[in-house]
Amino acid sequence: MEFDYIVVGAGSAGCVLADRLSRSPGTRVLVIEAGGSDARFWIKVPLGYGFTFSDPKVNWCYTAEPDEGVNGREAYWPRGRVVGGSSSINAMAYVRGLKHDFDDWETAGATGWGWDTVRQTYERVEHHWEGGSARGDGPLRVSDLSAQMHPFSETFLNAARDLGWKTPADMNEDTCEGLSYFRSTVRNGFRHSAADAFLRPALKRGNVQLIKNALVEKLTFSGTRATGVQYCVGGQQHVATCKGEVIVSAGAVNSPQLLQLSGLGPADLLKAHGIDVVQNLGQVGKGMQDHLAITHHFAANRPTLNDRLGTQFGRMMVGLQYLLTRKGPLSVPTNQVGGFIRSDETQIAPNMQVYCNPVTSSTRAKGVPEVDRASGFVLCVQPCRPTSRGEVSIRSNDPGAAPRIQPNSLSTEFDRWDAIRAGRLLQSLARAPAIAQVTQSAKEPDISRMDDAALLENFRETALTNFHPTCTCRIGRDAADSVLDARLKVHGTQGLRVVDASAFPNVTSGNTNAPTIMLAMRAADLILEDQAARSRQA
Ligand SMILES: Cc1cc2nc3c(=O)[nH]c(=O)nc-3n(C[C@H](O)[C@H](O)[C@H](O)COP(=O)(O)OP(=O)(O)OC[C@H]3O[C@@H](n4cnc5c(N)ncnc54)[C@H](O)[C@@H]3O)c2cc1C
């Protein structure tokens, strides 16, 4: 069967496209997803993401290359391999990003992606649920869960006030500097993934077909025009063709991999792996940006979420509460308070994202988290706009082989200073009277007395990815500096776009799910506009 559109990947972006592109009943959309169903208890329960974090049934479970900037450590990179993609296994924090992130997208060549357009697009995405009252009529539920959060979380807002930081009602406001309760993609006590918000309603229309457990191995071409995809289900190869466009939404790791496997990428890399070059595109897989964060654990002298989740009995009671009411600790992600802060007076905009959680945990064998028994809390700081750029590249022409992920963390002077600034900010937060009052002790490594050199070394030794890889097929001006034009078309090809986190020109200051969904919403507008223009010409 021939489709109008083929979307590769049913993740955050792919689900939005499935919905937006299928609104006209005559349009046939095929969505192909490597993973299986998201009908799993630990996907639906908001606190359950600890259990999907390293579960290969729903997760690609990548490992990055040894990374010199973080003392040669090999980071674990979870990515969703399931319907809903990473929106089915993420921590559900809903963060639009800062105004200047998108103005910087425009500067980088993404004409038409400045803040005013982006804000209007967000408004079409969101349906806010704030303490019982609704705002906006978009498909994605964005909830204020502060009523279900642990009372200890108020300590973090008090600390912000101690430090003279603002405490806005919501970090997604236009002026969003300061700490507030996170907003989360949770609806009626369940995760509200991109699949829930966009794909499932679209599947009801009858003109969208979803093929699960199907790995797209390569794109097919006639010259430089994309004509379809070759995919594999249960060891059997199939081909699907389309008369409109192929849209790759396989995420920041797999989209560049798929392009390279299909002959789009640096010619020397492709030739080294015996792949025929369809278009020599030197930037495919290059320019990757990600957030690194330092996290420090503190023992508390008063009850935190540990006191409810750290014992078998506590977990039983919490489980019962959730089953009976859909409320309580299981209905809330662990990121409870956070926001954007300037590390010092010289910064013209917030340059650090802060996370404060009223819980501490360690990881058992097989990656399953275990909440500590004794009361504790976590402070975490993430530099917002790193300038280091990493790379994703194929290791072989085998579509089943994991690509090489080279983060190149802390490879710029700016990022090394930001690592120190992050450490200093965490020190100030830990010293704030409201936090000092509830702290029994800082767990090792104790950041409190570290000087700049020690802070940098601490960052190198302990910082971890916050799971926000972006920019590996980024928008820009031309093929010399990017992979896509501002309408997300792959340079030098026809009938082919990449729409997902890989298209960001720069990583946004905060978490990347909301900007990815926004990007896909606007990308669908552009695709439909171009389709309408073609129809007028025909
Ligand atoms: C553990 C974790 C926690 C996170 N927490 C947050 C958070 O709290 N808030 C936030 O904003 N962001 C968070 N993020 C990041 C956010 O979820 C991602 O940035 C976003 O989901 C990326 O969307 P995407 O569409 O680019 O890719 P994905 O959602 O990853 O979708 C890509 C899809 O393509 C499929 N695919 C890949 N290759 C192929 C192929 N060859 N054939 C067929 N299908 C393929 C994949 O299986 C996947 O379903 C988190 C991410 C992770 C992993």
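Just so it is clear, the model here is predicted, and its values are computed rather than measured.

J.: Hey, could you run me through the overall build of the protein chain in this one?
T.: Summing up its helical and strand segments, the protein chain has 15 helices and 29 strands in all. Over its C-alpha trace the protein chain gives a radius of gyration of 23 Å, about what one expects of a compact globule, namely 24 Å for 538 residues. When the 538 residues of the protein chain are sorted by exposure, 60% land in the buried category. Intrachain contacts of the protein chain at a sequence separation of at least 6 include 70% that bridge at least 24 residues. On the protein chain, roughly 20600 Å² of surface is accessible, and the fraction owed to carbon and sulfur atoms is 51%. Distance between charge centroids for the protein chain: 6 Å, based on 57 positive and 55 negative side chains.

J.: Where do I start with the packing of helix 1 (residues 12-21) against helix 15 (residues 513-537) in this structure?
T.: If you want to describe how two helices pack, look at the angle between their axes and the distance between the axes. At their nearest, the axes of helix 1 and helix 15 sit 8 Å apart, and the two run at 35 degrees to each other. When you trace helix 1 past helix 15, the crossing you get is right-handed. When helix 1 is examined against helix 15, the residues Ser-12, Ala-13, Val-16, Leu-17, Arg-20 and Leu-21 are found in contact with a partner set consisting of Asn-513, Thr-516, Ile-517, Ala-520, Met-521, Ala-524, Ile-527 and Leu-528. Residues of the contact of helix 1 with helix 15, tallied by class, amount to 10 nonpolar, 3 polar and 1 charged.

J.: How should the site of the ligand be read in this particular structure?
T.: Near the ligand there are 38 residues, and of these Ser-12, Glu-33, Ser-86, Thr-512 and Asn-513 occur at the shortest range. Residue Ala-13 places a main-chain N or O atom 3.0 Å away from an oxygen atom belonging to the ligand. Backbone polar atom of Asn-513 to an oxygen atom of the ligand: 2.7 Å apart, as the coordinates give it. For the ligand, whose accessible area on its own is 1000 Å², the fraction buried by protein is 98%. Among the elements of the structure, helix 1, strand 13 (214-222), helix 8 (251-261) and helix 15 are those that each provide at least two residues to the shell around the ligand. Considering only residue class, the shell around the ligand consists of 18 nonpolar, 16 polar and 4 charged.

J.: How should a nonpolar patch on the surface be read in this particular structure?
T.: A grouping of Phe-313, Met-316, Met-317, Leu-320 and Leu-324 is seen on the molecular surface, where their side chains present a nonpolar patch of about 570 Å² in accessible area. Within the element layout of this structure, Phe-313 appears in helix 11 (residues 312-325).

J.: Explanation requested: the packing of aromatic side chains in the structure shown.
T.: Aromatic ring pairs are reported here in terms of the distance separating the ring centres and the angle at which the planes meet. Inspection of every chain in the model, using the stated rule, returns 17 aromatic pairs. A network of ring pairs unites the aromatic residues Phe-102, Trp-105, Trp-113, Trp-115, Tyr-122 and Phe-504 as a single cluster. Directly above the ring of Tyr-322 sits Arg-326, whose terminal nitrogen or CZ lies 5.3 Å from the centroid. For the cation-ring pair, Arg-522 lies above Trp-113, with the distance from its terminal atom to the ring centre recorded as 4.7 Å.

J.: Explanation requested: the UniProt feature "domain: Glucose-methanol-choline oxidoreductase N-terminal" (unreviewed entry) in the protein chain in the structure shown.
T.: Residues given the UniProt feature "domain: Glucose-methanol-choline oxidoreductase N-terminal" (unreviewed entry) here are residues 80-103 and 251-265. Counting secondary structure, residues 80-103 comes out at 21% helix and 0% strand; the distance between its end C-alpha atoms is 29 Å. Here residues 251-265 is 73% helix and 13% strand, with 16 Å between the C-alpha atoms at its ends.

J.: I tried to follow the packing of helix 1 against helix 7 (residues 194-203) on my own but got confused; where do I start?
T.: At their nearest, the axes of helix 1 and helix 7 sit 8 Å apart, and the two run at 30 degrees to each other. Overall, the two elements helix 1 and helix 7 adopt an arrangement that is roughly parallel. When the axes of helix 1 and helix 7 are compared, the crossing they make is left-handed. For the pair helix 1 and helix 7, the contacting residues are Ser-12, Cys-15, Val-16, Ala-18 and Asp-19 in the first and Ala-194, Ala-195, Phe-198, Leu-199 and Ala-202 in the second. Class assignment for the residues of the contact of helix 1 with helix 7 results in 8 nonpolar, 1 polar and 1 charged.

J.: What should I look at first to understand helix 11 in this one?
T.: What sets the pattern is the α-helix's 3.6 residues per turn: residues three or four places apart point alike. Compared with an ideal rise of 1.5 Å per residue, which puts 14 residues at 20 Å, helix 11 spans 20 Å between its outermost C-alpha atoms and is within 8% of the ideal. Backbone geometry just downstream of helix 11 places Arg-326 in the positive-phi region, at approximately 60 degrees.

J.: Can you help me understand the pattern of salt bridges in this one?
T.: Where charged atoms of side chains with opposite charge meet at close range, the side chains can pair. This model, assessed by the stated rule, comprises 32 salt bridges. The residue Lys-243 makes a salt bridge to Asp-4 at a minimum N-O spacing of 3.8 Å. With Lys-243 in strand 15 (residues 236-248) and Asp-4 in strand 1 (residues 2-8), this pair connects stretches of sequence that are 239 residues apart. With a closest N to O distance of 3.7 Å, Glu-154 and Arg-161 form a salt bridge. A residue is classified by how much of its surface remains accessible, and Glu-154, at 33% relative accessible area, is partly exposed.

J.: Sorry if this is basic, but what is going on with the sheet that holds strand 25 (residues 390-393) here?
T.: Strand order in the open sheet made by the 3 strands is 18-25-26, with antiparallel pairing throughout. The open sheet is flanked by strand 18 (286-288) and strand 26 (404-406), the only strands paired with a single partner. Shown here is a sheet whose adjacent strand axes are inclined to one another by a mean of 30 degrees, direction ignored. With 3 bridges connecting them, strand 25 and strand 26 associate as antiparallel partners. The residue bridging Glu-391 from the neighbouring strand is Gln-406, located in strand 26. Most of the contacts of helix 8 go to strand 25, to which it runs at about 50 degrees, and overall it touches strand 25 and strand 26.

Each value, and the rule that gives it
Residues numbered from 1 in each chain as written. Predicted model: local features only at pLDDT ≥ 70, side-chain atom pairs only at ≥ 80, totals over all residues. Heavy atoms only, no water. Helix = DSSP H or I, 4+ residues; strand = E, 2+ residues; numbered from the N terminus. Rg over C-alpha atoms; globule rule 2.2 N^0.38 Å. Buried < 20%, exposed > 50% of the residue type's maximum accessible area, 1.4 Å probe, protein only. Contact = heavy atoms within 4.5 Å. Areas by Shrake-Rupley, 256 points an atom, 1.4 Å probe, with all protein chains shown as cover. Lys, Arg positive; Asp, Glu negative; His and termini not counted. Charge placed at Lys NZ, Arg CZ, Asp CG, Glu CD. Axes fitted to C-alpha atoms, helices over the stretch in contact; angles between N-to-C directions. Left-handed = near helix turned anticlockwise from the far one by under 90°. Nonpolar A, V, L, I, M, F, W, Y, C, P; charged D, E, K, R; others polar. Near = heavy atom within 4 Å. Polar contact = N/O pair within 3.5 Å; in protein donor to acceptor, adjacent residues only side chain to side chain. Patch = residues over 30% accessible without salt bridge, like charges linked within 9 Å, V, L, I, M, F, W, Y side chains within 5 Å. Salt bridge = Lys/Arg side-chain N within 4 Å of Asp/Glu carboxyl O. Phe/Tyr/Trp six-rings, centres within 6.5 Å; stacked < 30°, edge-to-face > 60°. Lys NZ or Arg CZ within 6 Å of the ring centre and 35° of its normal. UniProt positions renumbered as here; feature names shortened; annotations may be inferred. Parallel < 35°, antiparallel > 145°, perpendicular 65-115°, else oblique. Expected span 1.5 Å × (residues − 1). Pairing = 2+ DSSP bridges.

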